[in-house]
Amino acid sequence: MSTSADKKKLFIGGEWQEANAYYDLKSPYSGKVIAQVPLAEKEAVLKGIEYAEQAAKEMKKLTALERSKILERVAELFEKRLEECALILAKENAKPLKAARGEIARTIETYKFAAEEAKRIHGETIPMDAAKNGKGRFAFTKREPLGIIAAITPFNFPFNLVAHKLGPAIAAGNSVILKPASQTPLSALITAEIFEEAGLPKGALNVVIGKGSVIGDILITDPRIKMVTFTGSVEVGLGIKAKSGLKKVTLELGSNSAVIVDSVNDIDAVVSRCVEGSFAFAGQVCISVQRIYVNENIFDEFLQKFVEKTKQLKIGDPEAESTDLSALINQKEAERVEKWIDEARKAGTEIVCGGSRDGAVLMPTIIKNAEPTQAISCQEAFAPIVSINSYQTWDEALDLVNDSEYGLQAGVYTTCVQKAFDAVERLEVGGVIVNDIPSFRVDQMPYGGVKNSGTGREGVKYSVEEMTELKLAVFTL
Ligand code: NAP
């Protein structure tokens, strides 16, 4: 086990280790210190890489069944510790308990998918005699683990987004160095405890905690690390891509996701889903609904119902059972978006609801008909704020969605099957969700973006492809 109540340890080489320096981890909502967290210095990170290198050899020898059993056990242990993990999320992340339990349930499912995926990693035979010079040859491919994978993760889903990296990496027989976000190290340490108890070979998972800007480069540039899998902001993602040389890199970055509401059968149900998508976890979701484009025929009704529903949200302590929405990850983030709101107000744009801030808590905010050039339209908000805009024609709606530097997922509500297919064809995103919000995700589906939303795909099977190398064998018969 990692430690006593609040002084934590690093997990390196399968051992819990003290550090030379610690920082106070504060709860974003209460401001109270919840743990003393060790900072990994350069030596500790290099030690982690050394252990991971040794463990990679052992991981490669494990059978598919052995890797699968470890992951099954991880899922079982998360089930046992669900409430404890949910509470950690409420404390270190200000994620309301209801949503926190939802994240742990998904985490369990992700590890279960990884346990299953471990058993079906395979290559294929190649029809060599289809080529003039291929006669008399037999060839097959196999997938091999890469070796060491560095996983750098964000604060917003610190259990499930870590699972999206550890699950497939271990399923494929790799070892991992995990660098969690500095605000959410406790979830990473619990994850390490669980992997340890599940019987993962020592050194196959190492957790190094420290500012990304300080220790990140060691992971990104060390030649022993074969892949960097990153989820986070565009700015950091671009830096990783620029510095990582020939390493494989997966980047799951941000977005300002949009939904088109063109024609609907049940407007109340659609409004409910859109409110949920806009304000779940205070909008700190990479596929949060940030822009809604509503057909002018139903715009007024949609907006009025949306405001009514938003006003019912309960704002407050993440540890209270009834809370829907709590603090942002820190006050600076709330202040950043408050400025956007002020700018929109000054430009004469109507703030229909919310717009005020109390410390790190930003009230759920609705902006009516924002200009495409305003920050709320064209930058990633990552906060409880949404712009609701009317449009006249279908083509205009598609153009507005595509008028973005990002392209993660988009949602389209339409009762017309031709329009649904047209949207799939023309929207510049990684995933089009028909008759639901862009925030829809289950953990086995391919997930990732185009444009500034990143490169590569997650979703366990797809991550396994990214985290393995294809090897070819040709036999001369
Ligand atoms: P972030 O600031 O980019 O941080 C993400 C991770 O990168 C953290 O562990 C951070 O460490 C680390 N980091 C920071 N600077 C680094 C550097 N120079 N080199 C290496 N690592 C570095 O993002 P965040 O604020 O945690 O998360 C929010 C962002 O993540 C949003 O843009 C959101 O859209 C995106 N996101 C995308 C997805 C997706 O699947 N597409 C999912 C969730 C979130 P520190 O915490 O120590 O700074």
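In this numbering scheme, every chain counts its residues from 1 along its sequence in written order. Thresholds applied to this predicted model are a pLDDT of at least 70 for local features of residues and 80 or more for the giving and counting of side-chain atom pairs; totals over whole chains, interfaces and linings are not thresholded and use all residues. Each side-chain value is derived from all of the structure's non-hydrogen atoms; neither hydrogens nor water enter the calculation.

### As for the overall build of the protein
Part 1: Put simply, DSSP marks the helices as runs of H or I at least four residues long and the strands as runs of E at least two long, and each gets a number from the N terminus on. Looking only at helices and strands, the protein has 15 helices and 24 strands in total.
Part 2: Radius of gyration (C-alpha) of the protein: 23 Å, near the 23 Å computed for a compact globule of 477 residues.
Part 3: Considered along the principal axes of its C-alpha atoms, the protein spans approximately 70 × 65 × 40 Å.
Part 4: Think of it in three bands: residues with accessible area under 20% of the maximum for their type are buried, residues over 50% are exposed, and the middle band is partly exposed, with areas taken using a 1.4 Å probe on protein chains only. Looking at the protein as a whole, 56% of its 477 residues are labelled buried.
Part 5: The criterion used for residue contact is that any of the two residues' heavy atoms lie within 4.5 Å. Across the protein, every contact between residues at least 6 apart in sequence was considered, and the portion connecting residues at least 24 apart equals 72%.
Part 6: Within this scheme the basic residues Lys and Arg register as positive and the acidic residues Asp and Glu register as negative, but His and the chain ends are omitted. The location of each charge is read from NZ of Lys, CZ of Arg, CG of Asp or CD of Glu. Looking at charge distribution, the protein has the averaged site of its 58 positive side-chain charges lying 6 Å from that of its 65 negative ones. The globule rule used here is 2.2 Å times the number of residues to the 0.38 power, and the radius of gyration it is set against is calculated over C-alpha atoms.

### Things to note about the domain arrangement of the protein
Part 1: An automatic or database domain assignment supplies the start and end points of every domain. Here the domain parsing of the protein yields domain 1 (6-253 + 454-476) and domain 2 (258-442).
Part 2: In this structure, domain 1 and domain 2 have C-alpha centres spaced 31 Å apart.
Part 3: At the junction of the two partners, domain 1 supplies 25 residues and domain 2 supplies 24 residues.
Part 4: By definition, the buried area sums, over both parts, the 1.4 Å-probe accessible area that each loses when the two are put together. Taken over both partners, the interface formed by domain 1 and domain 2 buries close to 2100 Å², and the fraction arising from carbon and sulfur atoms is 61%.
Part 5: Of all residues in domain 1, the largest losses of buried area upon contact with domain 2 belong to Y29, P96 and F155, amounting jointly to 27% of the total for that side.
Part 6: By definition here, a salt bridge exists when the distance from a side-chain nitrogen of Lys or Arg to a carboxyl oxygen of Asp or Glu is within 4 Å. Across the contact surface, domain 1 and domain 2 share three salt bridges.
Part 7: Across the pair K91 and E319 runs a salt bridge, and its minimum N-O distance is 3.2 Å.
Part 8: Any pair of nitrogen or oxygen atoms within 3.5 Å is treated as a polar contact; in protein, a donor-acceptor pairing is required on top of that, and neighbouring residues in sequence qualify only through side-chain atoms on both sides. Our count for the contact surface shared by domain 1 and domain 2 stands at seven residue pairs in polar contact (both at pLDDT 80 or more).
Part 9: When residues of the side of domain 1 that touches domain 2 are traced back to their parent elements, those giving at least two are α3 (82-93), α4 (97-117) and α5 (160-171).

### Structural notes on the packing of aromatic side chains
Part 1: Pairs were defined over the aromatic rings of Phe, Tyr and Trp, the Trp ring being its six-membered one, requiring ring centres within 6.5 Å. Orientation was assigned from the angle between planes: stacked under 30 degrees, edge-to-face over 60, tilted for the rest. What the rule picks out here adds up to eleven aromatic pairs.
Part 2: Measuring from centroid to centroid gives 6.4 Å for F157 and F281, while their planes differ by 70°, and the two rings are edge-to-face. Separated by 124 residues along the polypeptide, F157 in the loop between β7 (148-152) and α5 and F281 in the loop between α9 (267-279) and β13 (291-295) bring together distant segments of the chain. When sorted by exposure, F157 lands in the same class as F281, which is buried.

### So, the sheet that holds strand β6 (residues 137-145)
Part 1: In this description, strands pair whenever DSSP reports at least two bridges between them. Strands sit in the order β5-β6-β24 across an open sheet of three strands; the sheet is antiparallel. Here the strands that pair on one side only, and so sit at the sheet edges, are β5 (125-126) and β24 (468-476).

### Concerning unusual backbone geometry
A negative phi holds for most residues other than glycine; trans holds for most peptide bonds.
Part 1: Look at F281: it is not a glycine, yet its phi comes out positive at around 45°.
Part 2: For F281, a relative accessible area of 4% gives the class buried.
Part 3: We note that N435 has phi near 60°; this positive angle belongs to a residue other than glycine.
Part 4: Accessibility expressed as a relative area gives 43% for N435, which makes it partly exposed.

### Side note on the sheet that holds strand β14 (residues 350-353)
Part 1: Spatially, β14-β17-β18-β13-β12-β20-β21 is the arrangement adopted by the seven strands of the open sheet, whose pairing is mixed. The sheet terminates laterally at β14 and β21 (431-434), the two strands that pair on one side only. Strand after strand, the sheet turns through a mean of 25° between neighbouring axes, direction not considered.
Part 2: In this structure, strand β20 (residues 409-413) lies alongside β21, joined through four bridges in parallel fashion. Among the inter-strand pairings, Q409 is bridged to a residue of β21, identified as G431.
Part 3: For helices, the axis comes from a line fit to the C-alpha atoms of the stretch in contact; other axes are also lines fit to C-alpha atoms, and the angle between any two N-to-C directions lies between 0 and 180 degrees. Along the sheet face, helix α13 (residues 394-402) touches β12 (258-261), β13, β18 (385-391) and β20 and points at about 170° away from the line of β12.

### A short note on the site of the ligand
Part 1: Here, proximity means that at least one heavy atom of the residue falls within 4 Å of the molecule or strand. What surrounds the ligand is a group of 29 residues, the closest being T153, S182, S233, L253 and E380.
Part 2: Within the contact set of the ligand, an oxygen atom lies 3.4 Å away from a backbone nitrogen or oxygen of G210.
Part 3: A distance of 2.9 Å separates an oxygen atom of the ligand from a polar backbone atom of G212.
Part 4: For every accessible area listed, the method is Shrake-Rupley and the probe measures 1.4 Å; residues are considered covered only by the protein chains on display. For the ligand, the accessible surface in isolation is 910 Å², of which the surrounding protein chains cover 87%.
Part 5: Counting residues per element, the ones that place at least two in the shell around the ligand are α7 (212-221) and β10 (225-231).
Part 6: Per element, the largest residue contribution to the shell around the ligand is four residues, and it comes from α7.
Part 7: Only Asp, Glu, Lys and Arg are considered charged, only Ala, Val, Leu, Ile, Met, Phe, Trp, Tyr, Cys and Pro nonpolar, and every remaining residue, Gly among them, polar. Residues of the shell around the ligand, tallied by class, amount to 14 nonpolar, eleven polar and four charged.
Part 8: For the shell around the ligand, the two domains that each supply at least three residues are domain 1 (6-253 + 454-476) and domain 2 (258-442).

### Let's talk about the environment of K32
Part 1: By the element assignment, K32 lies in the loop between β3 (21-26) and β4 (33-39).
Part 2: Overall, K32 belongs to the exposed group, its relative accessible area being 59%.
Part 3: Distance from K32 to K91, taken between C-alpha atoms, is 9.3 Å for residues 59 residues apart in sequence.
Part 4: Sequence-distant contacts of K32, that is, excluding residues within four places in its chain, are made with L25, K26 and S27.

### Description of the nonpolar core
Part 1: In these notes, a set of buried Ala, Val, Leu, Ile, Met, Phe, Trp, Tyr and Cys residues joined through side-chain atoms within 4.5 Å is what counts as a nonpolar core. Grouped together as the largest cluster of nonpolar side chains are 85 residues, with contacts concentrated most on F78, Y111, F195, L205 and V207.
Part 2: If one sorts the elements of this core by residue count, α4 sits on top with eight residues.
Part 3: The next biggest cluster of nonpolar side chains, apart from the first, holds 40 residues, and it includes V261, V337, C353 and I366.

### Regarding the pairing of strand β17 (residues 365-368)
Part 1: Across three bridges, the pairing between β14 and β17 is antiparallel. Across the sheet, E350 pairs through a bridge with K368, a residue of β17.
Part 2: Sheet analysis places β17 next to β18, joined by four bridges and oriented parallel. Looking at the pairing, T365 lines up with I385 of β18.

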